[in-house]
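Each chain, letter by letter, is given below.
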Amino acid sequence: MACEPDYHSLPQKIRALIRVPSLGRPNRISRMKDSDLVQLARPAPRSHHYSDSLIPQQPRITELKLIRYITIICFVSYCGYLAMKSHLIYSCLSANDSYGGWIMVAMVMFVGSLVLLAIAIMMNKRGLYLLALPGSALAYAQFPMIQITQLAHYGHSAIGDMLLGDFVGIPACLLMMLFPNWWWFATMLITTSLVVTLHDNQLPFWHMSDFDAALYSTLISGPVLFMVYSGIHTSRQTDAAIFQNYQANLTFLRSQSFSELENYFTSRIHDKVLPTLNSTAAGLTPVTDVPSINIMDVTQADTMSLGNFITTLRDSVAESTKITIHAVADLTMPLPFKTAISLIDAVAEASHNSVQHAPQATRELAISWNGTVINVVFQDSGPGFRVDKVSHNHAGVKITMLKRPQIYNGVSVSLTSGPKQGTRYEISWTVTDTVAEPEEPEEQQDMLLYQVRKLGFDRLFRPWVAAYALAIFTFDVIPYDHTGHWHVLIISMVLVGAALWSLTDRSQLRLPWRNTIILIACVSALMTIGQLSHHPQPPELQRYGWFVSYSVVLTMYLALRLRPGMAWAMWAGFAVMTYVAESWLKMDLLASASSIIACIPLLIPATIVPLQLNWVVKSLPTLQRVDSNEYLEPDLQRYTSEMTKWLHSLLQLVDDPTAAKLMELRLRDAIRSPLLDVPELTAAVWRARAAGSRVTLIDDRSPTCADPKEHSEIITNTTEALAKNPHTLTLRLLPAGRDRYASLRWN
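Residues numbered from 1 in each chain as written. Predicted model: local features only at pLDDT ≥ 70, side-chain atom pairs only at ≥ 80, totals over all residues. Heavy atoms only, no water.

### Quick look at the pattern of salt bridges
- Scanning the model with the defined rule gives eight salt bridges in all.
- Its salt-bridge partner being Arg126, residue Glu63 comes within 3.0 Å of it at the nearest N-O pair. Of this pair, Glu63 sits in helix H5 (residues 61-84) while Arg126 sits in helix H8 (residues 126-154), placing them 63 residues apart in sequence.
- In this structure Arg126 comes out as partly exposed when scored by relative accessible area, which is 28%.
- Residues Glu664 and Lys661 are paired through a salt bridge, measuring 3.4 Å at the closest nitrogen-oxygen approach. One end of the pair is Glu664 and the other is Lys661, both in helix H27 (residues 657-672) and three residues apart, which spans about a single turn.
- Each of Lys661, Glu664 and Arg668 takes part in a single network of salt bridges with overlapping partners. (Salt bridge = Lys/Arg side-chain N within 4 Å of Asp/Glu carboxyl O. Helix = DSSP H or I, 4+ residues; strand = E, 2+ residues; numbered from the N terminus. Buried < 20%, exposed > 50% of the residue type's maximum accessible area, 1.4 Å probe, protein only.)

### Some points on the sheet that holds strand S7 (residues 423-430)
- Reading across from one edge, S2-S4-S5-S7-S6 is the order of the five strands in this open sheet, with mixed pairing throughout. One side of each edge strand has no neighbouring strand; the edge strands of this open sheet are strand S2 (322-327) and strand S6 (411-417). Taking each pair of neighbouring strands and ignoring which way they run, the sheet shows an average axis angle of 10 degrees.
- One ladder, built from six bridges, connects S2 with strand S4 (residues 363-369); its direction is parallel. In the sheet register, Ala327 faces S4, and the bridge partner there is Trp369.
- Contacting S2, S4 and strand S5 (373-380), helix H13 (residues 306-315) crosses the sheet at an angle of about 175 degrees to S4.
- The strands that helix H14 (residues 337-357) touches are S4, S5, S6 and S7; relative to S7, the one it contacts most, it runs at about 175 degrees. (Pairing = 2+ DSSP bridges. Axes fitted to C-alpha atoms, helices over the stretch in contact; angles between N-to-C directions. Contact = heavy atoms within 4.5 Å.)

### Overview of the environment of Leu130
- As for its placement among the helices and strands, Leu130 is situated in helix H8.
- The exposure class assigned to Leu130 is partly exposed, which follows from its relative accessible area of 45%.
- It is 7.3 Å that separates the C-alpha atoms of Leu130 and Leu178, two residues lying 48 residues apart in sequence.

### Observations concerning the pairing of S5
- Counted residue by residue, S5 has six buried out of eight residues, so it is predominantly covered.
- The hairpin formed by S4 and S5 contains three residues between the paired strands, and Gly371 there has a positive phi angle of roughly 100 degrees.
- Looking at chain direction, S5 and S7 are connected through eight bridges and run antiparallel. Bridging across to S7, Asp380 finds its partner in Thr423.

### Thoughts on a nonpolar patch on the surface
- Side chains of Val111, Val115, Ile119, Met122 and Met123 sit close together on the surface and give an oily, nonpolar patch of about 460 Å² of accessible area.
- Among the structural elements, Met122 can be located in helix H7 (residues 100-123). (Patch = residues over 30% accessible without salt bridge, like charges linked within 9 Å, V, L, I, M, F, W, Y side chains within 5 Å. Areas by Shrake-Rupley, 256 points an atom, 1.4 Å probe, with all protein chains shown as cover.)

### A look at the pairing of S6
- As judged from the seven bridges shared by S6 and S7, these two strands associate in the antiparallel manner. Bridge pairing in S7 links Thr416 to Arg424.
- Between the antiparallel neighbours S6 and S7 lie five residues, among them Lys420 with a positive phi of about 65 degrees.

As structure tokens, then:
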């Protein structure tokens, strides 16, 4: 601290002063023990020694919440995967195969990774996620490694029946949360495409169809991985912005709280301790009453009754003010003391400014209380002013009236004024609101959340991405036999292109209704054309699953754009209509209702992931609230405790009227001249005053910090002068900016 002197050599310096020869007549200093004088010379605790403390690093709130939600989704998906594939897993474990041991170890690792994921979800600690997420991905990776090894060795693998590619996105998402960067996104995308090509139970890219499957898989895994990447990456930026805001708010809170607490102690010393010492020095109060002065009264005042608050508020304004009080509820309700005092000070400042700048104006104070909200309005008919032109250095308006009241729960203020329009200052205090913190300005919220609100949609659903998806559709479908049905292909390409185009509207977080209707119409038409496109050609002559595959991808994109209800309703409608057409109308359709229902698992992550991301965004105002008690209250309590102990230790030294007078002067110096509250100077001043010298200390430099070199020199010179027992001595620290640092006069 620049303002904090070095007290490490305090005892040695004080003892050196004690050994200075006295005047030979009895005085307090000659009878004081070394330890007592050391205690006497200790400076008063100063608030800036606490308010400048470093703020610990805040946890990654947003990122941890998001990781937890996505991990829960992956954990549930894993459990569902095990349930659906249980019979296949059992057959793999029962097979008499040379790789049976590896398969058994892989299963043990997989089950263990699920247990670790569950523990990480419950504990929600970053360290556990760093262990559980890669552990789960490593356990899953054993199965495609076993399958590739068996394919290379035997030419077939029973693990291929488990269709590992259907769930490869789960470990990919888990790893994506740990490394939210572009190169890892590309790595995961390639890895998922590689595993998907194992569906045909042959080595990857053994046939041309493997490339179709790999490219198609990017349309499914790509958006989900990108949203996880974007969500984690942006949540880290958000946490950084929240922490910066947290630091700024907490710094202000600390400064204000310590300033208020120091003022409480200063007023307590001035109003209670000093008069008692003065009365003791005059022989009017017994010396035994000094150590029992109740220093803590002001710090123990936790509440103020509503009636007392209104009375004090009424007394804080000018006498000419017209006062209106409308209270329809209990006036004995206790209010937080510090909050009440800050509001009283704010109204008093408004009244003071009105009297000073508009002495001839009429003033009104209206107080209302309905049992929940206290509303205070102070207004005048003065010349007014432009609120936006108020200087930041105007502490009365900026701090006392606007900033300080809003650091307390439930308080909001507004100040309106204009040239020749008078001034209106309003305070609204929701007394029952013990949770809400003051809201940040709307523009600051928008700046903080701008990137997160998009959830990656501004980069994911771009025209070039739509063109990429349409190219994959064309590449996949063109090789089919379209003899006599080229019009079906052309119409399908138009429908897929229109549906993809509707997704590129990034004006809103949720897909607009117009685009939603366009997409639903295109997908419905694509499904209808695909179901009927085989006539008159027999179904067994070509592959007809393409329209279902790309319809479910487009439906998944609709869910990603925060229209999950519409996506599920549309796909369920396809299944129902297909069942009715097949069972009741006896129509010959290409895709059965069961094959449509089998695609539903793709809609689950597309529904849950963006909804969880959006929930995190909506909860950000709560996440940004500053929990000042976590780091502020312990320091406030420490300051209160140390200040109380310091005062008690000094008052314990008073055992006669002379010591009471000297202690009164010592405490006045501590209040009025904080930069001169230096141990060696305090001891020298006490000794000189005890010997009959008149010592005056003036600090015109505070709150500016002392200059280390010049301050040390002036303290040394003053101490040497006091050792000569002068008749009078005056030390004055000059305001900052003067040619000289201080003046010292003595005779």
